[in-house]
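Here is how the chains run, residue by residue.
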Amino acid sequence: MLGNREERLERERAEVVAAMERVDGHRARLAQLEADAAAAAAELAVLDPASREYARLLAEKEQQIIRSGDPRARVLADLGAALDRVSAELRECEEARRAGQAAHEALGVVLRFLDSARNASTFDVFGGGLLADAFEHDRLTSADKAAWHAQRALDVFARELADTGIAARPVMPKVDTRWFVDAFFDNIVSDVLKHQRIEKTRTEVKNLAQWVRETRTNLKGRQTQLLAERTQLLTRRKELLRPA
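Here goes a summary of the coordinates provided.

**Points about the overall build of the chain**
Along the chain, the regular secondary structure elements total five helices and zero strands. Secondary structure elements of the chain, listed N to C terminal, follow the sequence α-α-α-α-α. Within the chain, the fraction of its 244 residues that count as buried is 30%. For the chain, restricting intrachain contacts to residue pairs at least 6 apart in sequence, the fraction spanning at least 24 positions comes to 85%. Summed over all atoms, the accessible surface of the chain reaches about 15300 Å², with 58% contributed by carbon and sulfur.

Here it is, written out as structure tokens:
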């Protein structure tokens, strides 16, 4: 009876520690998101008046050109607007690609920890014992911490993608770090189930990494198209401005 009571207390203590770790992770992510939101709001507050003033000056200049009577005026104004649009899209694509690179690197860290945990789990299935359990738990705990960083990087990537017109909400899978289950129910069945959980999480993270790679490739293709379009616009403008 005393043994059962101690086991229950140990399980409860382990559950409390795991819950506190997850709460800390949520708080860290919330603080990062709040800081990002504050920075974005501050940037918008600075840029908004400048954006309105720029639009006013462009409209004024456009009217001056149109009133000049030059037949090239309207075409040049349209070309200027098109160049501004292309430049803005290029900037947004590049920012999204950089955010995607950061997200991909963060996912790579998670995968390396999960790979180590999977290797230890494979060894444990064939009788690795407590030492394999401890190493596996350490790798899973590290993977869980790295997953919070990866989620923040994915949040930034999603925000940058929204600026390019792509809607996405990538979510990291939960990393199972319930070591007390292994400690109190250490047998071939629990070892196999634990190995399957690790493999499932690893596959989901790999799928996320693949999605990030494919999205960055698509962004690169879009950049190539925009660069070609900008070259055509600049060539056309140069032709119109060339003395007769």
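**Let's talk about the nonpolar core**
Within the largest apolar cluster, 35 residues are counted, with the highest numbers of intra-cluster contacts made by Leu107, Val110, Leu154, Phe157, Met172 and Val205. Mapped by element, the contributors of at least two residues to this core are helix 2 (73-125), helix 3 (129-163) and helix 5 (188-241). Sort the elements by how many residues they give to this core and helix 2 lands first, with 15 residues. With sequence-adjacent residues up to four places away left out, Met172 is seen in contact with Leu107, Val110, Ala147, Ala150, Gln151, Leu154, Val205 and Leu208.

**Looking at the pattern of salt bridges**
Across all of its chains, the model carries nine salt bridges by this definition. Residues Glu204 and Lys200 are paired through a salt bridge, measuring 2.6 Å at the closest nitrogen-oxygen approach. Separated by four residues within a single helix, Glu204 and Lys200 lie in helix 5, roughly one turn from each other. On the accessibility criterion, Lys200 (53% relative accessible area) is exposed.

**A few points about the environment of Lys194**
Locating Lys194 in the fold gives a position in helix 5. A relative accessible area of 2% places Lys194 in the buried class. Residues Lys194 and Asp176 lie 18 residues apart in sequence; the distance between their C-alpha atoms is 8.7 Å.

**Concerning the side chain of Arg97**
Inspection of the secondary structure assignment puts Arg97 in helix 2. Sequence-distant contacts of Arg97, that is, excluding residues within four places in its chain, are made with Arg216, Leu219, Lys220 and Gln223.

Conventions used here
- Residues numbered from 1 in each chain as written.
- Predicted model: local features only at pLDDT ≥ 70, side-chain atom pairs only at ≥ 80, totals over all residues.
- Heavy atoms only, no water.
- Helix = DSSP H or I, 4+ residues; strand = E, 2+ residues; numbered from the N terminus.
- Buried < 20%, exposed > 50% of the residue type's maximum accessible area, 1.4 Å probe, protein only.
- Contact = heavy atoms within 4.5 Å.
- Areas by Shrake-Rupley, 256 points an atom, 1.4 Å probe, with all protein chains shown as cover.
- Core = buried A, V, L, I, M, F, W, Y, C linked by side-chain atoms within 4.5 Å.
- Salt bridge = Lys/Arg side-chain N within 4 Å of Asp/Glu carboxyl O.

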